[in-house]
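Reading the structure
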Amino acid sequence: MEGEWQGMYDVMIIGSGPAGISAALTAKNRNLEFCWFGSKGLSAKIEKAGQVGNYPGLIQVTGLEMRDIFQQQVEEAGISLVTEQISSIYPMGNSYAVNVKGEMYEAKSLLLAIGMETTKTILGEERLLGRGVSYCATCDGFLYKGKRIAVVCTNPQFEEEIAFLADLADEVTVFTTYRGFCLERGNIHASIGYPSEIKGEKQVEALVFQGMEIPVDGVFCLKDSVSPSVLLKGLEMKDGHIRVDRAQQTNLKGCFAAGDCTGRPYQYAKAVGEGNVALHSILDYLKEQ
Ligand SMILES: Cc1cc2nc3c(=O)[nH]c(=O)nc-3n(C[C@H](O)[C@H](O)[C@H](O)COP(=O)(O)OP(=O)(O)OC[C@H]3O[C@@H](n4cnc5c(N)ncnc54)[C@H](O)[C@@H]3O)c2cc1C
């Protein structure tokens, strides 16, 4: 894997919801060298909550108020979050690496705090990943200069990436799962809805939406989370969740997981608790190395 090496960290945390925040705060308290990847607004699931009444220490807050408190806590702790979506993690033997816009981050341990994928995988998406399907506009956009592409977008925060793609591609057909898509460009055609299939033998050839086949050269799926087993090959799953033990250890050496991605109940308190347990398990793991 190529890229400018950013150094060897103790831990790489992927995901910026309550589980990732809890782990990052503990990593900071324990003086670990860590890199942290996630979303601009920390977590859409925090932002979307109407009233939260079951989180200890916060009495009836809205999701947005809760997000602001988390944000302030992270900033005051002096923690920086790299707001980039990770689409692949590379096991390197005794470490894990990711490539973000030409920069390579490597760490001795890994914590997956990636939440639960709420949008279903499109038929053909995983099969054609890397063969016309991409999760990263800035990584792969250059491949589609002058071509026809489709973008499936689940969060307005990715509209910047769609603008980037529209500067390169000839035609961009966008499908959003929300109302209010507001990018206006001559080569962008937007609809609300979710395609049912991505077609192609060896390479993406078309996208199917409401029974209609739209010929495209590539499909960008810009969503809050990708399937864990696509993110990291070899990860063992159980009933749609990452299988972990009570120390939050997965089946892969040095790889831990916390929060909604490990199973129900989907709750803030459970995510925060698991993020904390995982980080303590990582401290033990690092001592043994
Ligand atoms: C509308 C709504 C209301 C809710 N109300 C409550 C409530 O009142 N009380 C309660 O306890 N729970 C509530 N929940 C549940 C709660 O939101 C979740 O249990 C909690 O957010 C899970 O935290 P998490 O850290 O596991 O994941 P998430 O909060 O989902 O965070 C995961 C984060 O990681 C990021 N991420 C994922 N993959 C990647 C990647 N590859 N690269 C970079 N970043 C990535 C995502 O973008 C996201 O920001 C509610 C949920 C919803 C949707």
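Residues numbered from 1 in each chain as written. Predicted model: local features only at pLDDT ≥ 70, side-chain atom pairs only at ≥ 80, totals over all residues.

**Regarding the overall build of the chain**
Operational definition: Secondary structure elements follow DSSP: runs of H or I of four or more residues count as helices, runs of E of two or more count as strands, with numbering from the N terminus. Only the C-alpha atoms count toward the radius of gyration. The rule for a globule is 2.2 Å times the residue count to the power 0.38. Counting other C-beta atoms within 10 Å of a residue's own tells you its class, since 20 or more makes it buried, 12 or fewer makes it exposed, and anything in between is partly exposed; those C-beta atoms are placed from the backbone.
The number of helices and strands found in the chain is seven helices and 18 strands. A compact globule built from 289 residues should have a C-alpha radius of gyration of about 19 Å, and the chain, at 19 Å, falls within 12% of that. For the chain, the spread of C-alpha atoms along the three principal axes comes to 50 × 45 × 35 Å. Looking at the 289 residues of the chain, the share that counts as buried comes to 41%.

**Observations concerning the site of the ligand**
Applied cut-off: By convention here, the C-beta atom is placed from the backbone, and a residue is near a molecule or strand when that atom is within 6 Å of it. Basically, the charged four are Asp, Glu, Lys and Arg, the nonpolar ten are Ala, Val, Leu, Ile, Met, Phe, Trp, Tyr, Cys and Pro, and anything else, Gly included, counts as polar.
Contacts to the ligand come from 34 residues, most closely from Gly15, Gly17, Ser43, Gly115 and Gly259. Elements supplying a minimum of two residues to the shell around the ligand: helix H1 (18–29), helix H2 (44–47) and helix H7 (268–288). When grouped by side-chain class, the residues that make up the shell around the ligand number 17 nonpolar, 13 polar and four charged.

**Overview of the domain arrangement of the chain**
Threshold: Delimitation of the domains relies on an automatic or database domain assignment. Note on contacts: residues are paired as contacts if their backbone-placed C-beta atoms lie within 7 Å.
Assigned domains of the chain: these are domain 1 (4–118 + 226–288) and domain 2 (133–222). On the domain 2 side, the residues contacting the eight residues of domain 1 number five residues. Partitioned by chemical class, the residues of the side of domain 1 that touches domain 2 number two nonpolar, four polar and two charged.

**Digging into the sheet that holds strand E12 (residues 197–199)**
Keep this limit in mind: At least two DSSP bridges between two strands are required for those strands to pair. The angle between two axes is taken between their N-to-C directions and runs from 0 to 180 degrees, where each axis is a line fitted to C-alpha atoms and a helix contributes only its stretch in contact.
Spatial strand order, E12-E13-E14: three strands in an open sheet with antiparallel pairing. In this open sheet, the two edge strands, each paired with only one partner strand, are E12 and strand E14 (212–215). The mean angle between the axes of side-by-side strands here comes to 25°, regardless of whether they run parallel or antiparallel. Direction of pairing for strand E13 (residues 206–209) relative to E14: antiparallel, over a ladder of four bridges. Its bridge partner lying in E14, Leu207 is registered against Ile214.

**Re unusual backbone geometry**
A cis amide bond links Arg264 to the next residue, Pro265, at an omega of 0°. Phi is positive for Asn31, close to 60°, though the residue is something other than glycine. Checked against the element boundaries, Asn31 lands in the loop between H1 and strand E2 (34–37).

**Quick notes on the pairing of strand E9 (residues 148–153)**
Keep this limit in mind: A crossover gets the label right-handed when its path from the first strand over the helix to the second runs clockwise, viewed with the strands pointing away from the viewer.
With five of its six residues buried, E9 lies for the most part within the structure. Strand direction decides the pairing type here: E9 and strand E10 (residues 171–176), joined by six bridges, are parallel. Along E10, the bridge assignment pairs Arg148 with Glu171. A crossover connection joins E9 to the parallel E10 through helix H5 (residues 159–168); in handedness this β-α-β unit is right-handed. Sheet topology note: the E9/strand E15 (residues 218–222) ladder contains five bridges and is parallel.

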